[in-house]
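Tertiary structure, described
Chain residues, written in single-letter form:
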Amino acid sequence: MSEVHSETREYTIPEGCPVCEADLPVRVTATGPNAVCRHCGWMGRPFITVTHQGLRVSYGSAAA
Ligand SMILES: [Zn+2]
C-alpha cells in the first residue's frame, strides 16, 4: 500500500569523471541524475544512453 514516488537510485560509472577519470558515483532522483566526483569534487549531470557497446555517458552542461 506504500507507493514510493521519490525513488532514488545510485550507481557508479567506472572512470566516469571527465576531469580526473575516477569512478563517478551517480545518484538519480526525481529531479534527474546528479554526479559528484569524490576524488576531485567535479559536479555534473550525466546523460546515460544504452548502446550496443554498452552504456554511453555524455555530459551536457548546456543545450547542444
Ligand atoms: Zn574527478
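Look up a bit, the structure's there.
Residues numbered from 1 in each chain as written. Predicted model: local features only at pLDDT ≥ 70, side-chain atom pairs only at ≥ 80, totals over all residues.

Notes on the sheet that holds strand S4 (residues 43-44)
Pairing within the open sheet is antiparallel, and its four strands lie in the order S1-S2-S3-S4. If you trace the sheet from one side to the other, it starts and ends with strand S1 (9-13) and S4, each paired once. In the sheet, strand S3 (residues 32-36) pairs with S4 via two bridges, with the strands oriented antiparallel. Looking at S4, one finds that Val36 is bridged to Met43. (Pairing = 2+ DSSP bridges. Helix = DSSP H or I, 4+ residues; strand = E, 2+ residues; numbered from the N terminus.)

Describing unusual backbone geometry
Most peptide bonds are trans, and most residues other than glycine sit at a negative phi. We note that Glu15 has phi near 55°; this positive angle belongs to a residue other than glycine. Along the chain, Glu15 turns up in the loop between S1 and strand S2 (24-29). Its 12 C-beta neighbours within 10 Å are what place Glu15 among the exposed residues. We note that Glu21 has phi near 60°; this positive angle belongs to a residue other than glycine. Looking at the secondary structure, you find Glu21 in the loop between S1 and S2. (Buried ≥ 20, exposed ≤ 12 C-beta atoms within 10 Å, placed from the backbone.)

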